[in-house]
Amino acid sequence: MWRASVLTIFPEMFPGPLGVSLAGKALASGIWSLDTHDIRNAATDKHRTVDDTPAGGGLGMVMKADVLARALDTVPHDHRPRLLMSPRGEPLTQRRVGLLAAGLGAVIVCGRFEGVDERLIKARKLEEVSLGDFVLSGGEPAALALIDACVRLLPGVMGKEVSIAEESFADGLLEYPQYTRPPVFEGEPIPEVLTSGDHGKIAAWRRAEAERLTAERRSDLWAAYQARKKP
Ligand code: SAH
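Residues numbered from 1 in each chain as written. Predicted model: local features only at pLDDT ≥ 70, side-chain atom pairs only at ≥ 80, totals over all residues. Heavy atoms only, no water.

Chemist: Could you give an account of the packing of helix α3 (residues 94-102) against helix α5 (residues 140-151), with specific residues and numbers?
Modeler: At a minimum axis separation of 8 Å, α3 and α5 run at an interaxial angle of 70 degrees. Taken together, α3 and α5 sit at an angle that is classed as roughly perpendicular. From α3, V97, L100 and A101 reach across to α5, where they touch L146, A149 and C150. (Axes fitted to C-alpha atoms, helices over the stretch in contact; angles between N-to-C directions. Helix = DSSP H or I, 4+ residues; strand = E, 2+ residues; numbered from the N terminus. Parallel < 35°, antiparallel > 145°, perpendicular 65-115°, else oblique. Contact = heavy atoms within 4.5 Å.)

Chemist: Requested: an account of the nonpolar core, with residues and values cited.
Modeler: In this structure, W2, W32, I108, L146, I147 and V151 are the most contacted members of the largest nonpolar core, which totals 27 residues. Every element with two or more residues in this core is listed here: β1 (2-8), α1 (21-28), β5 (82-91), α3, β6 (105-110) and α5. With eight residues, α5 is the largest single contributor of residues to this core. For I108, the residues in contact, after removing those within four places along its chain, are S5, V6, L7, L83, M85, A143, L146 and I147. Listed in part, the 21 residues of the second largest apolar core include L7, V75, L84 and I121. (Core = buried A, V, L, I, M, F, W, Y, C linked by side-chain atoms within 4.5 Å. Buried < 20%, exposed > 50% of the residue type's maximum accessible area, 1.4 Å probe, protein only.)

Chemist: How would you explain the environment of R95 if you had to name every residue and give the values?
Modeler: By the element assignment, R95 lies in helix α3. As for R95 and G105, which are separated by ten residues in sequence, their C-alpha atoms are 15 Å apart.

Chemist: Help me get a handle on the side chain of D51, residues and values and all.
Modeler: Secondary-structure assignment places D51 in strand β3 (residues 51-52). R40 is the oppositely charged side chain nearest to the buried, salt-bridge-free D51, at an N-O distance of 5.2 Å. The contact partners of D51, leaving out residues within four places of it in the chain, are M61, V62, M63, K64 and F113. (Lys, Arg positive; Asp, Glu negative; His and termini not counted. Salt bridge = Lys/Arg side-chain N within 4 Å of Asp/Glu carboxyl O.)

Chemist: How would you explain the site of the ligand if you had to name every residue and give the values?
Modeler: Close contacts around the ligand come from 19 residues, with M85, E114, L131, F134 and L136 the closest. Contact distances for the ligand include 2.6 Å between an oxygen atom and a backbone N or O atom of M85. Residue F134 places a main-chain N or O atom 2.8 Å away from a nitrogen atom belonging to the ligand. Compared with its free state, where it exposes 560 Å², the ligand has 84% of that area covered by protein. Per-element tally for the shell around the ligand: the top contributor is β5, with three residues. The residue makeup of the shell around the ligand, split by class, is nine nonpolar, eight polar and two charged. (Near = heavy atom within 4 Å. Polar contact = N/O pair within 3.5 Å; in protein donor to acceptor, adjacent residues only side chain to side chain. Areas by Shrake-Rupley, 256 points an atom, 1.4 Å probe, with all protein chains shown as cover. Nonpolar A, V, L, I, M, F, W, Y, C, P; charged D, E, K, R; others polar.)

Chemist: Explain the pattern of salt bridges to me, using residue names and the numbers behind them.
Modeler: Under the defined criterion, the tally for this structure stands at 15 salt bridges. Among the ionic pairs, K64 bridges to D66, the shortest N-O distance being 3.5 Å. The exposure class assigned to K64 is partly exposed, which follows from its relative accessible area of 23%. A salt bridge links E128 to R88, with the shortest nitrogen-to-oxygen separation between them at 3.1 Å.

Chemist: Explain the packing of aromatic side chains to me, using residue names and the numbers behind them.
Modeler: In the structure shown here, the tally under the stated rule is one aromatic pair. When the ring of W222 is compared with that of Y225, the centres are 5.5 Å apart and the planes differ by 25 degrees; the resulting orientation is stacked. In this pair, W222 and Y225 are both assigned in helix α8 (residues 219-229), three residues apart and thus about one turn of the helix distant. Side by side, W222 and Y225 carry an identical accessibility label, which is buried. (Phe/Tyr/Trp six-rings, centres within 6.5 Å; stacked < 30°, edge-to-face > 60°.)

Chemist: How would you sum up α5? Please name residues and give values.
Modeler: Its twelve residues place the ends of α5 16 Å apart at the C-alpha level, agreeing with the 16 Å of an ideal helix rising 1.5 Å per residue. Where burial is concerned, most of α5 is hidden: nine out of the twelve residues are buried. Taken as a whole, α5 has its buried residues at E140, A142, A143, L144, L146, I147, A149, C150 and V151. (Expected span 1.5 Å × (residues − 1).)

Chemist: Can you lay out a nonpolar patch on the surface for me, pointing to particular residues and giving the numbers?
Modeler: A contiguous nonpolar surface patch, about 240 Å² in accessible area, is contributed by L131, F134 and L136. By the element assignment, F134 lies in the loop between β7 (127-130) and α5. (Patch = residues over 30% accessible without salt bridge, like charges linked within 9 Å, V, L, I, M, F, W, Y side chains within 5 Å.)

Chemist: Quick one: what's the story with the side chain of S5, residue by residue and with numbers?
Modeler: Summarising the element assignment, S5 is placed in strand β1. A polar contact of 3.0 Å, which involves the side chain of S5, links it to the side chain of R80. In contact with S5, not counting residues within four places along its chain, are D35, H37, V75, R80, A106, V107 and I108.

This is the structure:
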């Protein structure tokens, strides 16, 4: 069973959106499991303090290394990677999601305040993972997103494996545009080729549209795709 262990000061945020729809059904049926660990339980004072002022001065608070270490050390990490959600981390990609989903699960630390004492990151060899170049108020929404992306790849969660193989990033391209009934919407018909029944033509159209969209919107992905295509 794929297992997510989440360390957070807001355990009530979990499973949250992961308790409904495909992820929720898969959770209930035991395809994956989730355990949350309240970091405050590892605090030693009566106020259950998890943060303190930054060394060197400045605004905000920093999560304490000693408290977080104690919290982490109660979570068996067997062979699962230990991740810290962090805007300084390697941006998450579908490739990394695929590797995580193929493994045993993950131990995920959610930061709060201004972040986490650097010594904890080193001492527990946390791998920093970012959701993108923007700042959240906490690691919890990032952890939910990461787990969601992994869980949908687990065998038995999604109906058709094909839809995974064809979607955005599967071969380094964005997905082609999708259409469904009605055949005409506000005067705009579905592209004719899609209703032609000619599967070869449809596949060629989809590939061309995926390439066009990727070139238009994501020069980074497009450059990498072209470099791979060259002999
Ligand atoms: N002062 C920090 C931001 C702290 S935001 C900085 O400038 O880098 C508080 C917490 O939210 C972080 O510790 C992290 O766990 C989480 N977080 C914020 N943005 C994130 C992002 N883009 N990806 C993943 N986690 C993020």
